[in-house]
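# Secondary and tertiary structure notes
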Amino acid sequence: MPTIDIIRLADNPHETVNGIRADTSSRGVDLEGAQITATYADGTSETLTWQAFDPYTNGGVVGTDINMSYGYDWHYLTTTKLLTSLRIDLQPASSVFDTTLASDTDPLGGSTPGSKAGYPFRVAPEYEADAGGLTVTYSGIVNMAGSPAEGDLYTTMVVDFSNLPSGGVLGDLTWNSDIDTMRDAGDLVPSVATCFARGTLITTDRGDLPVEALKPGDRILTQDNGFQELVLALSRVVGPEELPKNKKLYPIRIKAGAMGSGLPKRDLVVSRQHRMVVKSNIAERMFGSATVLVAAIRLTELHGIHVYRAVKWIEYFHLVFERHEIIFAEGAPTESFLLCSETRKNLRPEAWEEFVTLFPEAGEPEYAVAPIRRIPSRSLQKKMVFRHVKNARHLICT
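Residues numbered from 1 in each chain as written. Predicted model: local features only at pLDDT ≥ 70, side-chain atom pairs only at ≥ 80, totals over all residues. Heavy atoms only, no water.

The number of helices and strands found in the protein is three helices and 29 strands. What you see for the protein is a C-alpha radius of gyration of 22 Å, in line with the 21 Å of a compact globule of 398 residues. Seen along its three principal axes, the alpha-carbon backbone of the protein occupies a region of about 65 × 50 × 45 Å. For the protein, contacts bridging at least 24 residues in sequence account for 67% of all contacts bridging at least 6. Taken as two groups, the 39 positive and 49 negative side-chain charges of the protein have centres that lie 12 Å from each other. (Helix = DSSP H or I, 4+ residues; strand = E, 2+ residues; numbered from the N terminus. Rg over C-alpha atoms; globule rule 2.2 N^0.38 Å. Contact = heavy atoms within 4.5 Å. Lys, Arg positive; Asp, Glu negative; His and termini not counted. Charge placed at Lys NZ, Arg CZ, Asp CG, Glu CD.)

This brings us to the nonpolar core. Of all hydrophobic cores here, the largest spans 48 residues; its most connected members are Leu299, Ile305, Leu319 and Met384. Contact partners of leucine 319, with chain neighbours within four places excluded, come to Phe196, Ile202, Val211, Leu214, Leu230, Leu232, Ala233, Ile327, Ser336 and Phe337. Counting 35 residues, the second largest nonpolar core, distinct from the first, contains Ala34, Ile66, Phe97 and Val123. (Core = buried A, V, L, I, M, F, W, Y, C linked by side-chain atoms within 4.5 Å. Buried < 20%, exposed > 50% of the residue type's maximum accessible area, 1.4 Å probe, protein only.)

So, on to the pairing of strand β11 (residues 133-144). Within β11, 10 of the 12 residues are buried, which leaves the element mostly enclosed by the surrounding structure. Taken together, the six bridges between strand β1 (residues 3-8) and β11 define a ladder with parallel strand orientation. Along β11, the bridge assignment pairs aspartate 5 with threonine 135. Two strands pair when backbone bridges link them, and strand β2 (residues 14-16) and β11 are joined in this way by three bridges, in the parallel orientation. Its bridge partner being in β11, glutamate 15 is matched across the sheet by asparagine 143. (Pairing = 2+ DSSP bridges.)

What follows covers helix α3 (residues 378-390). Helix length check: α3, at 13 residues, gives a terminal C-alpha distance of 18 Å against a target of 18 Å (1.5 Å per residue), a fit within 8%. Positioned one or two residues after α3, alanine 392 has a phi angle of 50°, which is positive. (Expected span 1.5 Å × (residues − 1).)

Take glutamate 46: it is sitting in strand β4 (residues 45-49). Here glutamate 46 falls in the buried class, since its relative accessible area comes to 12%. Through-space distance from the C-alpha of glutamate 46 to that of threonine 64 is 8.0 Å; in sequence the pair is 18 residues apart. Glutamate 46 has contacts with Ile36, Thr37, Ala38, Tyr40, Gly63, Thr64, Asp65 and Ile66, leaving out every residue within four places of it along the chain. At 2.6 Å, the side chain of glutamate 46 forms a polar contact with the side chain of tyrosine 40. At a separation of 3.0 Å, a polar atom in the side chain of glutamate 46 contacts the main-chain amide nitrogen of aspartate 65. (Polar contact = N/O pair within 3.5 Å; in protein donor to acceptor, adjacent residues only side chain to side chain.)

Another point: the pattern of salt bridges. This structure, assessed with the given rule, holds 13 salt bridges. One salt bridge connects arginine 198 with glutamate 212, and the closest N-O pair in it is separated by 3.8 Å. Here arginine 198 is found in the loop between β16 (196-197) and β17 (201-204), whereas its partner glutamate 212 is found in the loop between β18 (207-210) and β19 (219-222), with 14 residues between them in sequence. The partly exposed category is assigned to arginine 198, whose relative accessible area is 44%. Several salt bridges share partner residues, and in doing so they unite Asp42, Asp65 and Lys81 into one network. (Salt bridge = Lys/Arg side-chain N within 4 Å of Asp/Glu carboxyl O.)

All right, on to the environment of alanine 93 then. Among the structural elements, alanine 93 can be located in the loop between β8 (75-89) and β9 (95-98). For alanine 93, a relative accessible area of 7% translates into the label buried. Expressed as a C-alpha distance, the spacing of alanine 93 and serine 162, which sit 69 residues apart in the sequence, is 28 Å. Not counting the four nearest positions on each side in its chain, alanine 93 is found in contact with Asp30, Leu31, Glu32, Gly33 and Ala34.

Once that is clear, we can look at the packing of aromatic side chains. As enumerated under the stated definition, the model contains three aromatic pairs in all. Ring geometry for phenylalanine 121 versus tryptophan 175: centroids 5.4 Å apart, planes at 25°, classification stacked. Of this pair, phenylalanine 121 sits in the loop between β9 and β10 (122-123) while tryptophan 175 is found in strand β13 (residues 169-176), placing the two residues 54 residues apart along the sequence. Each member of the pair, phenylalanine 121 together with tryptophan 175, is buried. Within the aromatic cluster, the residues linked to one another by ring pairs are Phe97, Tyr138 and Tyr154. (Phe/Tyr/Trp six-rings, centres within 6.5 Å; stacked < 30°, edge-to-face > 60°.)

Judged by side-chain charge, Arg285, Lys383, Arg387, Lys390 and Arg393 come together as a positively charged surface patch. Broken down by element, the positive patch gets its largest block of residues, three residues, from α3. Here lysine 383 shows up in helix α3. (Patch = residues over 30% accessible without salt bridge, like charges linked within 9 Å, V, L, I, M, F, W, Y side chains within 5 Å. Areas by Shrake-Rupley, 256 points an atom, 1.4 Å probe, with all protein chains shown as cover.)

In this structure, proline 264 follows leucine 263 across a cis peptide bond, with omega equal to -5°. You can see proline 264 is positioned in the loop between β22 (252-254) and β23 (268-270). Backbone geometry at serine 261 places phi at a positive 55°, although glycine is not the residue there. Within the fold, serine 261 resides in the loop between β22 and β23. Even without a glycine there, the phi angle at glutamate 330 is positive, about 50°. Along the polypeptide, glutamate 330 turns up in the loop between β28 (326-329) and β29 (332-335).

Below you can see the structure in the form of structure tokens.
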């Protein structure tokens, strides 16, 4: 049997409000909309959208060099070109991989309520005598709103076949990995959006300007690289119908001076996962660097920073540069839009098309840009904020 190395990452967190449906036996039709990316040994790749083949059971994808199908038991894969990796993203289908055997009644935990027992990737018995090894990496960890992730549910699975004797898969492979579907379509959203609210003042070479007035080519002040040209400005309106259905779309309000050193200069409103710069001795002791990036939602333990539920609607703006930058919003240092393979989930289709036109490499499955500052894990962010609260220290010390 080929060895199978299972890796579970805490990257690209997602959240669900209503969780898994009562019938956890997902079928091929439930995966409609999932994104499948096949990468071949010759460096080419193709990305396909999963389709339902009938109203009740079967679904799959048919590409130039790959054919996949699934009904209710095994996944069937056929490839006519040497396949080195396969990436399956279930988020657009409101489904997840359930990767652990832990049940909901396990006293040690490890199972998201409603998900029951699951299992990770495995090959069918007829392939168990094959030599070599596979690496299966799960990401897009999922948590129930209001609770931390149990570490069993993930939106994305990448199977690396390059360590098989032939360097990949050519021909047929039958495999499985337990899949659950959410109770409500659309109730599985990523937590990586970095957005400013309409009216936020951004520092430019022409002074502080409202974010909605910025256009590509405008020169924005950055902390590390002087004035840099804005490449793309995108926006999205979250209306009064959508906000109550998804609490994580409510913004965070950082009152004037709440960060320390008089910053921000005015109240600053950003999305939950928009990261702010923290510069303090506590950060340096914990991470070996005085400056780190922390999601705004983690800062709500501090006085003057809270979830802003008074809004009836909100318009969010993304500011995109050639690379990740530290810019200044209401005078406070904060991040620009961080480009990564998961960015697409936060953009409307037409915005994504414009994005890829300017950054063609962003269409590659494993595309990512290194953050300009360290981004600690969520648990470490919480510990750092707790220490600031306990010791009555400002987040920004100059």
